[in-house]
Amino acid sequence: KLADPNGDGDPSDGFSAYFDAIGSHPYGGPHPADVSPEIGRNVVGTYFRRAEEQHDAILAAGKVDKPVWATEFGYFVDPATFGLSCSLPDHFNQLKVTPEFAGQQLVNAFQYAGKNWPWMGPMFVFGLDMSMDSWRPACEQTRFFSLLKADGNPLPAFTMLSAMPKTGAASAPTATPAPVSTAK
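In what follows, the accompanying structure is described.

Rules behind the numbers
- Residues numbered from 1 in each chain as written.
- Predicted model: local features only at pLDDT ≥ 70, side-chain atom pairs only at ≥ 80, totals over all residues.
- Heavy atoms only, no water.
- 1 Å grid on protein atoms, 1.4 Å probe; cavity = no way out; pocket = protein on both sides within 12 Å on 5 of 7 lines; lining within 4 Å.
- Points joined across faces, edges and corners; volume = space filled by probe spheres on them.
- Helix = DSSP H or I, 4+ residues; strand = E, 2+ residues; numbered from the N terminus.
- Nonpolar A, V, L, I, M, F, W, Y, C, P; charged D, E, K, R; others polar.
- Core = buried A, V, L, I, M, F, W, Y, C linked by side-chain atoms within 4.5 Å.
- Buried < 20%, exposed > 50% of the residue type's maximum accessible area, 1.4 Å probe, protein only.
- Contact = heavy atoms within 4.5 Å.

Details of empty space enclosed by the protein
Logical step 1: In total, this model carries 1 cavity of 30 Å³ or more according to the counting rule given.
Logical step 2: Approximately 50 Å³ is the volume found for the largest cavity.
Logical step 3: In this structure, the largest cavity is lined by Tyr75, Val77, Pro99, Ala102, Leu106, Phe145, Ser146, Leu147, Leu155, Pro156 and Ala157.
Logical step 4: The set of elements that each furnish at least two residues to the lining of the largest cavity consists of helix H4 (99–116) and helix H5 (156–163).
Logical step 5: It is H4 that contributes the most residues to the lining of the largest cavity, 3 residues altogether.
Logical step 6: Per-class residue counts for the lining of the largest cavity are 10 nonpolar, 1 polar and no charged.

What follows is the structure in structure tokens.
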């Protein structure tokens with residue numbers, strides 16, 4: 001149930017003033033980025049298009065059209081890829097993918113969102129280099145969402161995302177002009 005800040009029974013006229021975007025963590029799970037919610041929700045429950053359902057729920061309940069920001073998303077690469085035999089919680093065992101699949105689906109996620117979700121704002125891949133943290137245990141789960149190996153070399157996801165055509169603001173970086181003094 002959505003909050004109703006002004007207590008008039010219509011949350012859409014009050015709560016939207018308190019936020020600019022909806023944060024989502026639409027991790028891909030073991031699925032392609034474009035897998036249907038019907039399949040994703042029934043197999044593991046972790047799927048990229050969950051962001052779509054979150055957006056639709058906000059529209060339906062609050063009648064507010066706000067952008068969604070994928071503030072954290074990615075794919076869990078099987079630790080065995082790195083020669084590790086990790087005892088993982090069941091949920092993480094169900095999320096394991098190959099490095100190639102992770103790279104392909106991260107690119108697919110950006111393409112899917114760009115083509116189908118005009119309401120999607122910035123998308124932040126988790127994480128660049130958590131695998132390189134010397135203080136984390138070797139089998140700590142966050143390591144296996146990284147785009148870089150523990151030695152700093154790129155995984156396929158890093159290479160594929162680097163080569164992916166960019167759209168929007170990311171496609172046309174511009175230099176910030178130097179301030180111009182108007183004092184005389």
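Let us keep going from here.
Topic: the nonpolar core
Logical step 1: By size, the foremost hydrophobic cluster in this structure holds 25 residues, and its most contacted members are Phe48, Phe73, Leu106, Trp117, Met120 and Met123.
Logical step 2: Secondary structure elements with two or more residues in this core: helix H2 (50–62), strand E2 (68–73), H4, strand E3 (120–125) and H5.
Logical step 3: Of the residues forming this core, the biggest block, 6 residues, is contributed by H4.
Logical step 4: Every residue in contact with Phe73, bar those within four places of it in the chain, is listed here: Pro26, Tyr27, Phe48, Leu106, Ala109, Phe110, Met123, Phe124, Val125 and Phe126.

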